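Listed here are the chains, written in short residue letters.
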Amino acid sequence: DGGITQSPKYLFRKEGQNVTLSCEQNLNHDAMYWYRQDPGQGLRLIYYSQIVNDFQKGDIAEGYSVSREKKESFPLTVTSAQKNPTAFYLCASSILPAGAYEQYFGPGTRLTVT
Amino acid sequence: AQTVTQSQPEMSVQEAETVTLSCTYDTSESNYYLFWYKQPPSRQMILVIRQEAYKQQNATENRFSVNFQKAAKSFSLKISDSQLGDTAMYFCAFMKRDPQGAQKLVFGQGTRLTINP
């Protein structure tokens, strides 16, 4: 089945540690995105990538980093510089041009930092 | 800056009733896309319906339809014959183009819809 895989579903880390969230898609989509969701708020864009080896900052990129070495993979690293990392993280992908096609979302990863 | 506003944090209706969720947005662009996404308790985001701004006809998908008022920058979602499975968070989203030409979604804060038996 084609789709987007995010692992793990739940992730726990101690404050001060970097943590990497996995996102893999087998839809052959060009564009991939990372969003953050907090309670009572909509999704906010962290980073996005339209082609391999290229990515751009979204609205809340501070404290996060990404890589896009393969078309299928777009991992997100939450660094110790992120002041409030506990949140629900969603990965998405789409065919380009993005507006003409929907974004498909993964099941998400709940990150808790204590 | 483009913004999306959903003025109803929560709504609750009885099964089989019709419910309308409101959404307004702000943009200076003339051609764009609007979306409604559904997020059930599983937290999986699912596309409900999409509207292209250059199309005057309102989009419809089975029991879901929109009332798109371009001049008023309004994009409401109507759910007819509501079902228990419609219980979810609903997000309105606007597709914007940044200065580099990339297209990105901007989401509203969501409306929590509960369908009661």
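First, a word on what this report is: a plain description of the structure on this page.

### Some details on the layout of surface pockets
Item 1. In this model, the largest pocket occupies a volume close to 250 Å³.
Item 2. Contributing to the lining of the largest pocket are 17 residues, with Gln37 of chain A together with Gln39, Arg43, Met89 and Arg112 of chain B lying nearest its centre.
Item 3. When residues of the lining of the largest pocket are traced back to their parent elements, those giving at least two are β10 (88-97) and β12 (111-116) of chain B.
Item 4. Of the residues assigned to the lining of the largest pocket, the class counts are 7 nonpolar, 6 polar and 4 charged.

### Observations concerning the state of the cysteines
Residues and elements named next belong to chain B.
Item 1. Applying the stated rule across the entire model yields 2 disulfides over all chains.
Item 2. A sulfur-sulfur separation of 2.0 Å characterises the disulfide bridge that pairs Cys23 with Cys92. Of note, the bridge from Cys23 to Cys92 carries an S-S torsion of about -70° and is left-handed in sense. With Cys23 in the loop between β3 (19-21) and β4 (24-26) and Cys92 in strand β10, this pair connects stretches of sequence that are 69 residues apart. As far as burial versus exposure is concerned, Cys23 and Cys92 are alike and both buried.

### Details of the packing of aromatic side chains
Item 1. Applying the stated criterion to the full structure yields 15 aromatic pairs over all chains.
Item 2. Consider the rings of Tyr64 of chain A and Tyr89 of chain A, whose centres lie 5.9 Å apart with planes at 65°: the pair is edge-to-face. With Tyr64 of chain A in strand β7 (residues 64-66) and Tyr89 of chain A in strand β9 (residues 87-94), this residue pair connects regions lying 25 residues apart in the sequence.
Item 3. Assessed through its relative accessible area of 0%, Tyr89 of chain A is described here as buried.
Item 4. Here Phe91 of chain B and Phe107 of chain B contribute two aromatic rings whose centre-to-centre distance is 6.3 Å and whose plane-to-plane angle is 85°, an arrangement assigned as edge-to-face. Linking Phe91 of chain B in strand β10 with Phe107 of chain B in strand β11 (residues 103-107), this pair joins segments that are 16 residues apart in sequence.

### Here we look at the sheet that holds strand β8 (residues 76-78) of chain A
All names here are of chain A.
Item 1. Taken in spatial order, the 4 strands of this open sheet run β1-β3-β8-β7, and their pairing is antiparallel. Across the chains shown, the open sheet's two edge strands, defined by having one partner strand only, are β1 (4-7) and β7. Strand-to-strand twist across the sheet, computed as the mean angle between neighbouring axes with direction ignored, equals 20°.
Item 2. In terms of strand pairing, strand β3 (residues 19-25) meets β8 through 3 bridges, oriented antiparallel. What sits directly across from Leu21, in β8, is Leu76.

### Description of the nonpolar core
Item 1. Judged by nonpolar contacts, the single largest core of 26 residues is most densely connected at Tyr25, Trp36, Phe75, Leu77 and Tyr90 of chain B.
Item 2. Secondary structure elements with two or more residues in this core: β3, β5 (33-39), β6 (46-52), β8 (64-69), β9 (74-79), β10 and β12 of chain B.
Item 3. In terms of residues, this core owes the most to one element, β10 of chain B, which gives 4 residues.
Item 4. Sequence-distant contacts of Tyr25 of chain B, that is, excluding residues within four places in its chain, are made with Thr3, Val4, Tyr32, Leu34, Phe68, Gln69, Lys70, Lys73, Ser74, Phe75 and Phe94 of chain B.
Item 5. Counting residues in each nonpolar core, the second largest holds 21 residues, with Ala92 and Phe105 of chain A together with Phe91 and Leu105 of chain B among its members.

### Overview of the pattern of salt bridges
Item 1. For the coordinates displayed, the defined rule picks out 6 salt bridges over all chains.
Item 2. Where Arg44 of chain A meets Asp38 of chain A, a salt bridge forms, and the shortest distance between an N and an O atom there is 2.8 Å.
Item 3. According to the relative accessible area criterion, Asp38 of chain A is buried, its value standing at 9%.
Item 4. As a salt-bridge pair, Lys73 of chain B and Asp26 of chain B come within 3.7 Å of each other at their nearest N and O atoms. With a gap of 47 residues between them, Lys73 of chain B in the loop between β8 and β9 and Asp26 of chain B in strand β4 connect regions that are remote in the sequence.
Item 5. Through salt bridges with shared partners, a single ionic network connects Arg36, Asp38 and Arg44 of chain A.

Rules behind the numbers
Residues numbered from 1 in each chain as written. Chains lettered and ligands numbered in written order. Predicted model: local features only at pLDDT ≥ 70, side-chain atom pairs only at ≥ 80, totals over all residues. Heavy atoms only, no water. 1 Å grid on protein atoms, 1.4 Å probe; cavity = no way out; pocket = protein on both sides within 12 Å on 5 of 7 lines; lining within 4 Å. Points joined across faces, edges and corners; volume = space filled by probe spheres on them. Helix = DSSP H or I, 4+ residues; strand = E, 2+ residues; numbered from the N terminus. Nonpolar A, V, L, I, M, F, W, Y, C, P; charged D, E, K, R; others polar. Disulfide = S-S within 2.5 Å. Buried < 20%, exposed > 50% of the residue type's maximum accessible area, 1.4 Å probe, protein only. Phe/Tyr/Trp six-rings, centres within 6.5 Å; stacked < 30°, edge-to-face > 60°. Pairing = 2+ DSSP bridges. Axes fitted to C-alpha atoms, helices over the stretch in contact; angles between N-to-C directions. Core = buried A, V, L, I, M, F, W, Y, C linked by side-chain atoms within 4.5 Å. Contact = heavy atoms within 4.5 Å. Salt bridge = Lys/Arg side-chain N within 4 Å of Asp/Glu carboxyl O.

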